[in-house]
Amino acid sequence: MANEALKTLFHPFESGSIDLPPEGAGVLFLGAEPHFRLPEGWRAAIHAVQGFRPDFRMLEASGVPVSPRAEGEGYAMALVLAGRHRGQNELRVAEALRRTLPGARIVVAGLKEVGIASLRKRLTDLLDIEGSEPKYHGLAFWLRRPVDMAAAGALGAVDKADLVDGRFQTAPGMFSHDRVDAGSRLLVQNLPLDLSGSVADFCAGWGYLAAEVAARCPGVSAIDLYEADFDSLEAARANLKGIKPKTAFFWRDLLAEPVERRYDGIVMNPPFHTSRAADPGIGAGMIRAAAKALKPGGRLLLVANRHLPYEPVLAAAFASHVELARDGAFKVFAARR
């Protein structure tokens, strides 16, 4: 459905409801996703922002100038592709307001199923909406960047949430940004305290598992964090600052980019969704990647939802595996390479 949202975003230009930006003008595209098609006659320069590594790589491979975070200011226009995280959508609009020129047009679009109408209502309370256009199961609307930046401050305030567990910095859009995930907590409760040597945290998020490994396993000398979401990895960098084991941080797509280092242990709470659709193949691929990245005899500690069929994958990729714990929603495995 991402392509539908992209078509919704550009439809007002194609219908003539919005004029194309001037040739050579800088257009900031927040939440950019691959495979977008620019309207006929478009001559402005797109500067895409995408922090999810697989999408970033696809945009980069297609020749789109892209960065994981917004850079620069004074843009003549901004495009905002809204997703399913309300707080993240508000932060993107705030970013668009901060980085565009006064009077610049900001176009926002998303699918109805992810709450684009509620985002429009929220923005209507803060800004003057110039117009809107429904299309392709979604809604596009647009506004002008005001001189007064009070709206940007109000929208950006969503980023000032309390620390999770009183110690972890997070932000909307990250996995489990408002609490410690119950599956990760179950894995921590069943960590073998003799875990030692060089350890990696695959799908590290904002760093909870790595922080707990550092605190509970004194034999661990180094922890490497691998994460596909750029902002989550940067939060993890801040959250692990000052811990005793040596740390390194890798912005990686573990399903497509090889891991060069080899580890004595790997901890992992892998995702199993593509957008809203369940895809157990993601976790299976992560398990295979972990097996390749472990030294002979190395251990994988994995938590997964109870219904996911990972046992055959573990049996094929590892010399042995055992279930360590199970509750109403999750199961924890230990596997030996």
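The present account deals with the structure reproduced in this document. (Residues numbered from 1 in each chain as written. Predicted model: local features only at pLDDT ≥ 70, side-chain atom pairs only at ≥ 80, totals over all residues. Heavy atoms only, no water.)

**Some remarks on the overall build of the chain**
Then comes step 1: Within the chain one finds ten helices and 16 strands.
Then comes step 2: Over its C-alpha trace the chain gives a radius of gyration of 22 Å, about what one expects of a compact globule, namely 20 Å for 337 residues.
Then comes step 3: Taken over 337 residues, the chain has a buried fraction of 55%.
Then comes step 4: Of the contacts made within the chain by residues no fewer than 6 positions apart, 64% connect residues no fewer than 24 positions apart.
Then comes step 5: Of the roughly 15,300 Å² of accessible surface on the chain, a fraction of 49% belongs to carbon and sulfur atoms.
Then comes step 6: If the 41 positive side-chain charges of the chain are averaged to one point and the 39 negative ones to another, these points end up 4 Å apart. (Helix = DSSP H or I, 4+ residues; strand = E, 2+ residues; numbered from the N terminus. Rg over C-alpha atoms; globule rule 2.2 N^0.38 Å. Buried < 20%, exposed > 50% of the residue type's maximum accessible area, 1.4 Å probe, protein only. Contact = heavy atoms within 4.5 Å. Areas by Shrake-Rupley, 256 points an atom, 1.4 Å probe, with all protein chains shown as cover. Lys, Arg positive; Asp, Glu negative; His and termini not counted. Charge placed at Lys NZ, Arg CZ, Asp CG, Glu CD.)

**Some details on the packing of aromatic side chains**
Then comes step 1: Evaluated as defined, the whole model comprises 14 aromatic pairs.
Then comes step 2: With centroids separated by 6.4 Å and ring planes inclined at 45°, the aromatic side chains of F10 and F13 adopt a geometry described as tilted. Remark: F13 and F10 occur in helix 1 (residues 2-15); sequence separation between them is three residues, near one turn of the helix. For the pair F10 and F13, a shared accessibility class is recorded, and that class is buried. (Phe/Tyr/Trp six-rings, centres within 6.5 Å; stacked < 30°, edge-to-face > 60°.)

**Things to note about the nonpolar core**
Then comes step 1: Grouped together as the largest cluster of nonpolar side chains are 65 residues, with contacts concentrated most on F29, W42, I46, L79, V213 and L225.
Then comes step 2: Ranked by residues supplied to this core, first place goes to helix 7 (residues 208-216) with six residues.
Then comes step 3: Not counting residues within four places of it along the chain, the set of residues in contact with W42 comprises F10, F13, L20, P21, V27, M77 and L79.
Then comes step 4: Counting residues in each nonpolar core, the second largest holds 31 residues, with V259, M286, L294 and F333 among its members. (Core = buried A, V, L, I, M, F, W, Y, C linked by side-chain atoms within 4.5 Å.)

**Here's the deal with the pairing of strand 9 (residues 220-227)**
Then comes step 1: Of all the eight residues making up strand 9, seven are buried; the element is thus mostly covered by neighbouring parts of the structure.
Then comes step 2: As paired elements, strand 8 (residues 197-202) and strand 9 share six bridges and run parallel to each other. Its bridge partner lying in strand 9, D201 is registered against L225.
Then comes step 3: The sheet contact formed by strand 9 and strand 10 (residues 246-251) spans six bridges and is parallel. Residue pairing for strand 10: L225 is matched across the bridge by F249. (Pairing = 2+ DSSP bridges.)

**Here's the deal with unusual backbone geometry**
Then comes step 1: One non-glycine residue, S176, lies in positive phi territory at about 50°.
Then comes step 2: Summarising the element assignment, S176 is placed in the loop between helix 5 (150-156) and helix 6 (182-189).
Then comes step 3: For S176, a relative accessible area of 11% gives the class buried.
Then comes step 4: Phi at C203 takes a positive value of approximately 60°, unusual for a residue other than glycine.

**Considerations on the layout of surface pockets**
Then comes step 1: The computed volume of the second largest pocket comes to approximately 150 Å³.
Then comes step 2: Along its surface, the second largest pocket is lined by L254, L255, P258, V259, R262, G285, R288, A289, K292 and A293.
Then comes step 3: Partitioned by chemical class, the residues of the lining of the second largest pocket number six nonpolar, one polar and three charged. (1 Å grid on protein atoms, 1.4 Å probe; cavity = no way out; pocket = protein on both sides within 12 Å on 5 of 7 lines; lining within 4 Å. Points joined across faces, edges and corners; volume = space filled by probe spheres on them. Nonpolar A, V, L, I, M, F, W, Y, C, P; charged D, E, K, R; others polar.)

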